[in-house]
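A structural walkthrough
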Amino acid sequence: MCGKSSNDVRFIVDICEPCTIKKIQSTLPGVVAIRVCKFCGRIWSAGDFVPERKDSLAVAIKQALRQKDCMIDVLESGQDLVKARFTCETQGKHVTFITELKLKRNYEMCPRCSRIKAGYYEAVVQFRGEMGHVERMAAALQRFMERRDAFISRTETLKTGIDVYASSKKLASEFMLAWKLKPKRSYTLYGMKHGKKLYRNIYSVEV
Ligand SMILES: [Zn+2]
Ligand SMILES: [Zn+2]
């Protein structure tokens, strides 16, 4: 393609390495579109919304490019530009090059944020007791939920304590176990799904 000799450059079968790289680069689109949640900023990567990091962004780009034969390492990334190293297999050999790609961030709302916006909750944890303790436990519950990809949709401060509205009753139970709390439990019916009654758990706990 360029007239160079195999004495001067590496060849991939019958094309020199720089021309092989040019050929692969010419198949890359001018712009790579990724899905981004406009509220939490997480990106769609490997089937879920996850925090944007170099590795999750690399997976998102690989999915968008449908590049089965290339491994992608993100070196630098910004709002609308990404610098990446491509390691591609062609004719049984590997070539590596670094290239810049334009990023197009398509904004939407992730399922978790839409549930937060809708005020979704499955459990109410009513912390009662001395206010300093109550506040620390409410904060601990929030951290516990958020580390596990759940959330607190709201909190209500009352004279007697704080009510925390949590998105997962399973995690609320696990929190009680982890802190060796002995709550009084009750339930409220809030709907039906596929013929099954849906209950919200209410935990009333002295701390
Ligand atoms: Zn060439
Ligand atoms: Zn989100």
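Below you will find a few notes about this structure. (Residues numbered from 1 in each chain as written. Chains lettered and ligands numbered in written order. Predicted model: local features only at pLDDT ≥ 70, side-chain atom pairs only at ≥ 80, totals over all residues. Heavy atoms only, no water.)

Section: the coordination of the zinc ion (ligand 2)
The expected angle between donors at a tetrahedral four-coordinate metal is 109.5 degrees. At an octahedral six-coordinate metal it is 90 or 180 degrees. Donor atoms from the polypeptide that coordinate the zinc ion (ligand 2) comprise Cys-37 (SG), Cys-40 (SG), Cys-110 (SG) and Cys-113 (SG), at 2.2 to 2.3 Å from the metal. Note that the zinc ion (ligand 2) binds four donor atoms; their angles at the metal cover 105 to 115°, and the shape is tetrahedral. Every donor residue of the zinc ion (ligand 2) comes from the same chain, spaced as C-x2-C-x69-C-x2-C. One end of the pair, Cys-40, is in the loop between strand S3 (31-37) and strand S4 (43-45); the other, Cys-110, is in the loop between strand S8 (93-108) and helix H3 (111-117), with 70 residues separating them in the sequence. (Donors = N, O, S within 2.8 Å, 3.2 Å for Na, K, Ca; no water. Tetrahedral: all angles 85-135°; square planar, octahedral: opposite > 155°, others 65-115°. Helix = DSSP H or I, 4+ residues; strand = E, 2+ residues; numbered from the N terminus.)

Describing unusual backbone geometry
Unlike most non-glycine residues, Gln-91 shows phi in positive territory, near 50°. Mapping Gln-91 onto the fold places it in the loop between strand S7 (81-90) and S8. Although it is not a glycine, His-194 adopts a positive phi angle of roughly 50°. Tracing the chain through its elements places His-194 in the loop between strand S12 (184-193) and strand S13 (196-206). For His-194, a relative accessible area of 77% puts it in the exposed group. (Buried < 20%, exposed > 50% of the residue type's maximum accessible area, 1.4 Å probe, protein only.)

Comments concerning the coordination of the zinc ion (ligand 1)
Within the protein, the atoms that donate to the zinc ion (ligand 1) are Cys-2 (SG), Cys-16 (SG) and Cys-19 (SG), at distances of 2.2 Å. Spacing between the donor residues of the zinc ion (ligand 1) along the chain follows C-x13-C-x2-C. Placement of the pair is Cys-2 in the segment before strand S1 (11-12) and Cys-16 in strand S2 (residues 15-16), with a sequence separation of 14 residues. According to the relative accessible area criterion, Cys-2 is partly exposed, its value standing at 39%. With a relative accessible area of 3%, Cys-16 lands in the buried category.

Notes on the layout of surface pockets
Considering only enclosed or pocket space, the largest pocket measures out at about 200 Å³ in volume. Thr-20, Lys-23, Ile-24, Glu-89 and Thr-90 are the residues nearest the centre of the largest pocket, which is lined by 13 residues in total. Only helix H1 (17-27) and S7 provide two or more residues apiece to the lining of the largest pocket. Take the lining of the largest pocket: its biggest share by element is four residues, from H1. The calculated volume of the second largest pocket comes to roughly 160 Å³. Taken together, Arg-42, Asp-48, Phe-49, Pro-111, Arg-112, Arg-115, Glu-122, Asp-149, Ala-150, Phe-151, Ser-167 and Ser-168 make up the full set of residues lining the second largest pocket. At three residues, H3 tops the list of elements feeding residues into the lining of the second largest pocket. (1 Å grid on protein atoms, 1.4 Å probe; cavity = no way out; pocket = protein on both sides within 12 Å on 5 of 7 lines; lining within 4 Å. Points joined across faces, edges and corners; volume = space filled by probe spheres on them.)

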